[in-house]
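Fold and geometry: a report
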Amino acid sequence: MSNLINHKQLTVAAIQMNSQQNIEKNLADIKAAIIGARAQGAQLVVLPENCCSMGQQFATAERFDALSATIADYARSYGIYVLAGSLPCPYRPDGMTVPDGRLRQVSQLFAPDGKRVARYDKIHLFTATVADKQGSYNEAATFEPGTQTVVAALDLDDVVYQLGMMVCFDLRFPALAQRLRQAGAELLSAPSAFTYLTGQAHWALLLRARALDSQCMVIGAAQGGDHAYKDGDTRQTWGHTAITAFDGTIIDSYESSELDRSAIIEEEKSYEVVLATLDKSAQEQGRQKMPIFDCHRLA
């Protein structure tokens, strides 16, 4: 497959999933999505938030190390960078247990050799009242916020790309995107699980706004569809996975919340792939033409 890869440009795949609470099934879908994206020439695959399970955060957190190792092995087996959207983790980056019975929401980047390049702990935790079945959301009841921004290097032979890491609700905070750009980011990852209503209202707008704020490509890998919880509740997420260029234009997107049912039945394909290519030189030229970070007076 190596002849498919062009290191002069970076080809990115954002994956849309409909993760349920069957972790083994979700892992099988993740593996298939990585294989599918790799076959289309992707060098970086970005999985959505809660990729291994929607809900069951504490039970999933007990398997954090094993699940991380499995996804790292997928990266190694297929020779590709994989960003594991988010996994609940019982310990902080320094190894200390998260206090007060809470967890961290952790996004990880694995290199083609399977080594972990970076860990980012979600800083902004979802707090909102929404007119859906859930009504109110308070992620801080389960998670402790992270404290450190992260920019990770993707080393592809003679070219290095800088990836600023975000998760879901982080998209609502332009200062984070701007700080990541100031730290050298060229791309921003945004694995997400937006509610149907908040996604319908704001998802595409936020991806485009953060791209404009930072002049970075923004990779919005999303959960989409209905997610059945074991207590009988159902959560609905917006999906509409998309990748946005530095100038705010949407390069490619999957225009649905639901996965393609015919593909699920006929091909047993429980994911969607959105592809885009980052041309470093074209993005840099665009930044030079409008040098907003040279003009910024408040950052």
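Report on the accompanying structure. For every chain, the first residue of its written sequence is number 1, and the numbers climb from 1 along that sequence. Restriction of local features to residues with pLDDT of at least 70 applies here, the model being predicted, together with a cutoff of 80 or more for giving and counting side-chain atom pairs; totals for whole chains, interfaces and linings are based on all residues. To obtain the side-chain values, all non-hydrogen atoms of the structure were used and water was disregarded.

Observations concerning the overall build of the protein
Tallying secondary structure elements over the protein gives 8 helices and 16 strands in all. A compact globule built from 299 residues would reach a C-alpha radius of gyration of about 19 Å, and the protein, at 18 Å, matches this within 12%. Oriented by its inertia axes, the alpha-carbon framework of the protein measures out at about 55 × 45 × 40 Å. Partly exposed describes any residue whose relative accessible area lies between the buried limit of under 20% and the exposed limit of over 50%, with all areas from a 1.4 Å probe on protein chains only and scaled to the type maximum. Sorting the 299 residues of the protein into buried and exposed places 54% on the buried side. By sequence separation, contacts in the protein at least 24 residues apart represent 71% of the contacts at least 6 residues apart. Throughout, the Shrake-Rupley method with a 1.4 Å probe supplies accessible areas, and for residues the shown protein chains are the sole cover considered. With an accessible surface of roughly 12800 Å², the protein has 50% of that area assigned to carbon and sulfur atoms. Note on charges: Lys and Arg go in the positive column, Asp and Glu in the negative column, and His and the chain ends are not counted at all. Note that the charge is assigned to NZ on lysines, CZ on arginines, CG on aspartates and CD on glutamates. Across the protein, 27 positive and 34 negative side-chain charges occur, with their mean positions spaced 4 Å apart. For helices the rule is a DSSP run of H or I covering at least 4 residues; for strands it is a run of E covering at least 2, with both sets numbered from the N terminus onward. With the radius of gyration taken over C-alpha atoms, the globule rule is written as 2.2 Å times the number of residues to the power 0.38. Only heavy atoms matter for contacts: two residues are in contact if any of them lie within 4.5 Å across the pair.

Re helix α3 (residues 64-78)
Helix length check: α3 (15 residues) gives 21 Å between terminal C-alpha atoms against 21 Å at 1.5 Å per residue, within 8%. Restricting attention to buried positions, one finds in α3 the residues Phe64, Leu67, Ser68, Ile71, Ala72, Tyr74 and Ala75. Buried residues of α3, seen end-on, are gathered within an arc of 150° and therefore sit on one face of the element. Residues of α3 that are buried in the fold lie against α1 (23-39), α2 (57-61), β3 (81-89) and β4 (104-110). An expected span of 1.5 Å times one less than the residue number is assigned to each helix. Think of the arc as the fan of directions from the helix axis to the C-beta atoms.

Notes on the nonpolar core
Residues enter a nonpolar core if they are buried and are Ala, Val, Leu, Ile, Met, Phe, Trp, Tyr or Cys, with the set joined through side-chain atoms within 4.5 Å. Core analysis: the biggest nonpolar cluster contains 48 residues, and Leu109, Leu171, Leu187 and Ile219 have the highest contact counts within it. The contacts of Leu187, once residues within four sequence positions are left out, are Leu10, Val12, Tyr161, Gln162, Leu163, Gly164, Cys216, Met217, Ile219 and Leu278.

As for the pattern of salt bridges
Oppositely charged side chains may form a pair once their charged atoms are brought near each other. Between Lys or Arg on one side and Asp or Glu on the other, a salt bridge is scored when a side-chain nitrogen of the former is within 4 Å of a carboxyl oxygen of the latter. Per the stated rule, a full pass over the model turns up 13 salt bridges. With its nearest N and O atoms 2.6 Å apart, the salt bridge here joins Arg63 to Glu24. You can see Arg63 sitting in the loop between α2 and α3 and its partner Glu24 sitting in helix α1, a full 39 residues away along the chain. Residue Glu24 is classed as partly exposed on the basis of its relative accessible area, which comes to 45%. Here the salt bridges share partners, and the residues they tie into one network are Arg92, Arg104, Arg119, Asp121 and Glu144.

Observations concerning the sheet that holds strand β2 (residues 44-46)
Spatially, the 6 strands line up as an open sheet ordered β5-β4-β3-β2-β1-β16, and their pairing is mixed. Looking at strand neighbours, the two that pair on one side only are β5 (116-121) and β16 (272-278), the edges of this open sheet. Between one strand and the next, the sheet's axes are offset by a mean angle of 25°, whatever the strand orientation. Two strands qualify as a pair provided DSSP detects at least 2 bridges between them. In terms of strand pairing, β2 meets β3 through 3 bridges, oriented parallel. Within the sheet, the bridge partner assigned to Leu44 lies in β3 and is Tyr81. All axes here are fitted lines through C-alpha atoms, helices being fitted over the stretch that makes contact, and every angle between N-to-C directions spans 0 to 180 degrees. Contacts between α3 and the sheet are confined to β3 and β4, with β3 contributing the most and set at about 175° to the helix.

With respect to the pairing of strand β13 (residues 234-238)
Remark: a regular strand shows side chains that alternate across the two faces of the sheet. When strand β12 (residues 224-228) meets β13, the two strands line up antiparallel, connected through 5 bridges. Looking at the pairing, Ala228 lines up with Thr234 of β13.

Observations regarding the layout of surface pockets
Here the largest pocket is characterised by a volume of approximately 470 Å³. Residues of the lining of the largest pocket, tallied by class, amount to 9 nonpolar, 9 polar and 5 charged. Using only the protein atoms, space was sampled on a 1 Å grid; points where a 1.4 Å probe fits but cannot get out form cavities, open sets with protein on both sides within 12 Å along at least five of seven lines form pockets, and lining residues are those with an atom within 4 Å of a point. Grid points are joined across faces, edges and corners, and a volume is the space filled by probe spheres set on the points. A volume near 270 Å³ is recorded for the second largest pocket. Lining the second largest pocket are 13 residues; nearest its centre among them are Lys133, Gln134, Thr234, Arg235 and Gln236. Classification convention: Asp, Glu, Lys, Arg as charged; Ala, Val, Leu, Ile, Met, Phe, Trp, Tyr, Cys, Pro as nonpolar; all other residues, Gly among them, as polar.

Focus: the side chain of Ser68
Here Ser68 is to be found in helix α3. Any pair of nitrogen or oxygen atoms within 3.5 Å is treated as a polar contact; in protein, a donor-acceptor pairing is required on top of that, and neighbouring residues in sequence qualify only through side-chain atoms on both sides. Polar contacts involving the side chain of Ser68 include one to the main-chain carbonyl oxygen of Phe64, which spans 2.8 Å. Only 2.9 Å separates the side chain of Ser68 from the side chain of Gln108, close enough to count as a polar contact.

A short note on the sheet that holds strand β9 (residues 159-165)
Pairing is mixed across the open sheet formed by 6 strands, whose spatial order is β8-β9-β10-β11-β14-β15. Strands at the two margins of the open sheet, each flanked by one partner only, are β8 (151-156) and β15 (250-253). Mean inter-strand twist for the sheet, computed between neighbouring axes without regard to direction, equals 20°. Pairing of strand β10 (residues 187-189) with strand β11 (residues 217-220) involves 3 bridges; the strand directions are parallel. By the bridge assignment for β11, Ser189 is matched with Ile219.

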